Amino acid sequence: PPQVNEDFGAIVGWADEIRRLGVRANADTGEDAAKARELGAEGIGLCRTEHMFMAADRLPAVREMILAGSDEERAEALEKILPMQQEDFEGIFSAMKGLPVTVRLLDPPLHEFLPDLVEQSLLVQRLDLTGGDADELSEARTLLSQVKRLHEQNPMLGTRGCRLAMLYPEIPEMQTRAIVRAALAVKEREGETATVEIMIPLVAYARELQVQRQIVEQTVADELEAAGEQMEVHVGTMIELPRAAIVADQIAEHADFFSFGTNDLTQTGIGISRDDAEGGFLSAYVSDEVIPHNPFESIDKDGVGGLVQIGAERGRSAKPGLKLGVCGEHGGDPASIELFDALGLDYVSCSPFRVPIARFAAARSVLDAQGS
Ligand code: PEP
Ligand code: MG
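Note that the structure is predicted; figures quoted are calculated from it, not measured.

Here the focus is the UniProt feature "binding site: Mg(2+)" (unreviewed entry) in the protein chain. Mapped onto this numbering, the UniProt entry gives "binding site: Mg(2+)" (unreviewed entry) at Glu-240 and Asp-264. In three dimensions, the annotated residues from a span of 25 residues occupy one location, with a maximal C-alpha spread of 5.3 Å. Here Glu-240 shows up in the loop between β5 (233–239) and α11 (242–246). Assessed through the 28 C-beta atoms surrounding it within 10 Å, Glu-240 is described here as buried. Not counting the four nearest positions on each side in its chain, Glu-240 is found in contact with Leu-202, Phe-260, Gly-261, Asp-264 and Leu-265. Structurally, Asp-264 can be placed in helix α13 (residues 262–271). Beyond its immediate stretch of four places on either side in the chain, Asp-264 contacts Glu-240 and Leu-241.

Right, here's the structure in full:
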């Protein structure tokens, strides 16, 4: 009898013949990218680079980068991070063998990189009271004053996304260098040229994308010239704020593609915390008659779906044929996929294990629309 895997492959193969939507995966490591490939992903639609900064061996360098008191200190920290980032990108490009990879530049809620303000205050108090080591106390006090300087009341609405990159252009510059060097290294080693798309996070104003694009393009040009190589790099943006959807025509002028970040678009569109909608006090409200389902799992069609529609239409009105994807959690949810298909988006991107579900859902959406 045929193997389960073969049957599964055949069935999902039929779905692929029917569907119109592309299916990509969200992956931050070479292993996840390889898994995604195995499950049929046609590319990586979102590589969240901030996840690569979180590892215990990197956090000290990242803190140095954020807390740096001078340009020199920041440059030193970035020099340490660059080879680590390059290694990450090489793993992903190598696993994807020339398929498109959308690398999103750093999207930090700052508090995830820094010690907690209250904990740091308590540490200083404890060291002070116990009359501990003077150097340790002074170090803890310095860190506390730095953390206070960067503390934000609403980190999810603070210096996130491209806002940090606007303040410190050397960060997107370093990341772009690492991306280009990784692509060239993989090409030399494996003969396959990566299809690279660089994505700018949390854009609200066209000017942000214009500035970030300039930084990326200049850095790519410098790196390629130094290496004597040629390579095409596409630059696009997340559409994950209502303002970005509304002014999508202005933003499109500077974009090769859009990817709708429906997690943040839901958070900011409904004004509901994505970290509290499940399990917390707010979850009681989400399950009552006003909000019938968790809008972070299945898209709020009228509201957030309307913002996606506005963003898609206005983006394409300024740039016909603009490539449009979705990389929020909704990219792996069948009911949401049906909406994205109806809105004419080009692809969805979801966690690797959801790729087969997305392939089926995209096919079903076509069949449903045909009434079969
Ligand atoms: C989003 O907001 O939908 C998104 C994909 O970005 P993140 O989940 O990393 O904020
Ligand atoms: Mg987001």
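The contact between helix α4 (residues 59–67) and helix α5 (residues 71–96) brings their axes to 8 Å, and the two run at 150 degrees. Taken together, the axes of α4 and α5 are roughly antiparallel relative to one another. At the point where α4 passes α5, the crossing takes the left-handed sense. Residues Ala-61, Val-62, Glu-64 and Met-65 of α4 form the contact with α5, whose participating residues are Glu-73, Arg-74, Ala-77, Leu-78, Lys-80 and Ile-81. When grouped by side-chain class, the residues that make up the contact of α4 with α5 number 6 nonpolar, no polar and 4 charged.

Looking now at the pairing of strand β4 (residues 195–200). Along any regular strand the residues' side chains alternate between the sheet's two faces. Extensive coverage of β4 is indicated by the burial of 6 of its 6 residues. Residue alternation in β4 divides its side chains into two sets, Thr-195, Glu-197 and Met-199 and Val-196, Ile-198 and Ile-200, and both sets are buried. Where strand β3 (residues 100–104) and β4 come together, 5 bridges link them in parallel fashion. Looking at β4, one finds that Arg-104 is bridged to Met-199. Where β4 and β5 come together, 5 bridges link them in parallel fashion.

Attention now goes to the site of ligand 1. As a structural note, the neighbourhood of ligand 1 is formed by Leu-46, Arg-48, Asp-107, Glu-240, Gly-261, Thr-262, Asn-263, Asp-264, Cys-327 and Gly-328. Residue assignment for the shell around ligand 1 shows that the elements contributing at least two residues are β2 (44–48) and α13. Of the residues forming the shell around ligand 1, the biggest block, 3 residues, is contributed by α13.

This paragraph deals with the sheet that holds strand β8 (residues 347–350). Pairing within the closed barrel is parallel, and its 8 strands lie in the order β1-β2-β3-β4-β5-β6-β7-β8. Across the sheet, the mean angle separating the axes of adjacent strands is 25 degrees when strand polarity is ignored. Where strand β1 (residues 22–26) meets β8, 4 bridges bridge the pair, whose relative direction is parallel. Bridge pairing in β8 places Gly-22 opposite Tyr-347.

Further remarks concern unusual backbone geometry. Most peptide bonds take the trans form, and the phi angle of most residues other than glycine is negative. With phi around 45 degrees, Lys-97 is a residue other than glycine that occupies positive phi space. Along the chain, Lys-97 turns up in the loop between α5 and β3.

Turning our eyes to something else, we now look at the pairing of strand β7 (residues 323–326). Residues Lys-323 and Gly-325 line one face of β7 and the alternating positions Leu-324 and Val-326 line the opposite face, and both faces are buried. Pairing geometry for β7 and β8, over 2 bridges, is parallel. The partner of Gly-325 across the bridge, within β8, is Tyr-347.

What counts as what
- Residues numbered from 1 in each chain as written.
- Chains lettered and ligands numbered in written order.
- Predicted model: local features only at pLDDT ≥ 70, side-chain atom pairs only at ≥ 80, totals over all residues.
- UniProt positions renumbered as here; feature names shortened; annotations may be inferred.
- Helix = DSSP H or I, 4+ residues; strand = E, 2+ residues; numbered from the N terminus.
- Buried ≥ 20, exposed ≤ 12 C-beta atoms within 10 Å, placed from the backbone.
- Contact = placed C-beta atoms within 7 Å.
- Axes fitted to C-alpha atoms, helices over the stretch in contact; angles between N-to-C directions.
- Parallel < 35°, antiparallel > 145°, perpendicular 65-115°, else oblique.
- Left-handed = near helix turned anticlockwise from the far one by under 90°.
- Nonpolar A, V, L, I, M, F, W, Y, C, P; charged D, E, K, R; others polar.
- Pairing = 2+ DSSP bridges.
- Near = placed C-beta within 6 Å.

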